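# Topology and contacts: notes
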Amino acid sequence: MAREGKVSGLNAASHYDAAMSVFPWYERAIYALVMAVLWAFSKLMWRWSVDAPSKLPERVEGSTGFVVICNHTSMAEVVALVPYLWARGHRVRPIFKSEFNKIGIARWAFALAGGIPVERGEADMAALRAAQHALQRGEDVLIFPEGTRIRTDDQPVEIHGGFALIAQMGKARILPMAVCGFRDVTPEGKKLMRPVTCWIAVGDALDAKDAPQGLKRRERAQWVENESLERMYALRDALRAAHPGRF
């Protein structure tokens with residue numbers, strides 16, 4: 001199990017496999033303040049609304065967290081998604097590329113936000129274990145399977161699997177979500193954010209128990225991964241259909 005002792009402030013590495021509830025009190029206070037500010041800022045700036053919010057499971061003390069997956073078009077959606085989940089009682093730990101740790105202030109900021117760094121292109125067991133422990137503590141793990149922001153529909157998409165394995169290790173369910181409109185926050189070739197209207201959709205959670213009978217362990221994990229992605233993209237396509245011309 002993950003260590004539950006106190007962690008030292010400003011030491012990013014000590015945060016990755018520790019409960020967010022044992023972060024130093026002043027870091028937890030800063031986090032709550034930042035979440036409240038980002039919720040208000042994103043709501044006013046991008047006027048996001050949530051489709052089928054009742055599908056978002058309530059956080060229950062003592063239960064495992066969820067592996068949340070979502071399509072990825074802009075960093076702006078992280079600014080809306082995490083505060084939205086936080087406001088609904090979920091503690092969210094985003095998986096992020098370890099390359100960001102090369103920047104000192106980014107390393108501290110991601111650690112403060114509960115982020116878990118992962119080495120791309122290799123089996124990062126430290127990240128897998130950190131995510132497993134987070135789920136077992138009841139924290140959610142946020143993953144963007146597309147791995148990078150998809151700025152155009154003709155951009156090649158390389159799905160980074162493994163989130164079903166993380167869910168399996170943590171005995172957690174996968175919660176598909178999707179976003180639409182956030183790509184327009186910073187159009188290609190532009191630097192400044194602009195006010196737009198965006199949408200978030202919540203899908204039905206699933207796990208290995210939902211797989212067809214008779215599948216072997218690895219086959220069940222692959223079914224869960226494929227089905228989760230299908231639901232994520234179905235949510236995205238439904239949002240696009242409801243809001244033509246928005247991505």
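To be clear, the structure that these remarks concern was listed above.
Since this is a predicted model, take the numbers as computed values, not measurements. (Residues numbered from 1 in each chain as written. Predicted model: local features only at pLDDT ≥ 70, side-chain atom pairs only at ≥ 80, totals over all residues. Heavy atoms only, no water.)

## Brief notes about the overall build of the chain
Looking only at helices and strands, the chain has six helices and seven strands in total. Reading the chain from its N end, one meets helices and strands in the order α-β-β-α-β-α-β-α-β-α-β-β-α. In terms of overall size, the chain behaves like a compact globule, its C-alpha atoms giving a radius of gyration of 17 Å where 247 residues would be expected to give roughly 18 Å. In terms of principal-axis extent, the alpha carbons of the chain reach across some 50 × 50 × 35 Å. Within the chain, the proportion of its 247 residues that are buried is 47%. Long-range contacts, defined here as pairs at least 24 residues apart, represent 71% of the contacts in the chain between residues at least 6 apart. When the accessible surface of the chain is split by element, carbon and sulfur atoms take 59% of a total near 12300 Å². The average position of the 33 basic charges and that of the 27 acidic charges among the side chains of the chain differ by 4 Å. (Helix = DSSP H or I, 4+ residues; strand = E, 2+ residues; numbered from the N terminus. Rg over C-alpha atoms; globule rule 2.2 N^0.38 Å. Buried < 20%, exposed > 50% of the residue type's maximum accessible area, 1.4 Å probe, protein only. Contact = heavy atoms within 4.5 Å. Areas by Shrake-Rupley, 256 points an atom, 1.4 Å probe, with all protein chains shown as cover. Lys, Arg positive; Asp, Glu negative; His and termini not counted. Charge placed at Lys NZ, Arg CZ, Asp CG, Glu CD.)

## Observations concerning the packing of helix 5 (residues 163–170) against helix 6 (residues 217–242)
Contact geometry for helix 5 and helix 6: axes closest at 8 Å, N-to-C directions at 120 degrees. On the basis of their axis angle, the class for helix 5 and helix 6 is oblique. The handedness of the crossing between helix 5 and helix 6 comes out as right-handed. Residues F163, A164 and Q168 of helix 5 form the contact with helix 6, whose own contacting residues are R217, A221, V224, E225, S228 and L229. Grouping the amino acids of the contact of helix 5 with helix 6 by side-chain chemistry returns five nonpolar, two polar and two charged. (Axes fitted to C-alpha atoms, helices over the stretch in contact; angles between N-to-C directions. Parallel < 35°, antiparallel > 145°, perpendicular 65-115°, else oblique. Left-handed = near helix turned anticlockwise from the far one by under 90°. Nonpolar A, V, L, I, M, F, W, Y, C, P; charged D, E, K, R; others polar.)

## Things to note about the packing of helix 1 (residues 25–46) against helix 2 (residues 76–87)
Contact geometry for helix 1 and helix 2: axes closest at 8 Å, N-to-C directions at 120 degrees. On the basis of the axis angle, helix 1 is oblique to helix 2. Helix 2 is crossed by helix 1, and the crossing has left-handed handedness. Where helix 1 approaches helix 2, its residues Y31, A32, M35, A36, L38, W39, S42 and W46 are matched on the opposing element by A76, V79, A80, V82, P83, Y84, W86 and A87. Tallied by class, residues from the contact of helix 1 with helix 2 come to 15 nonpolar, one polar and no charged.

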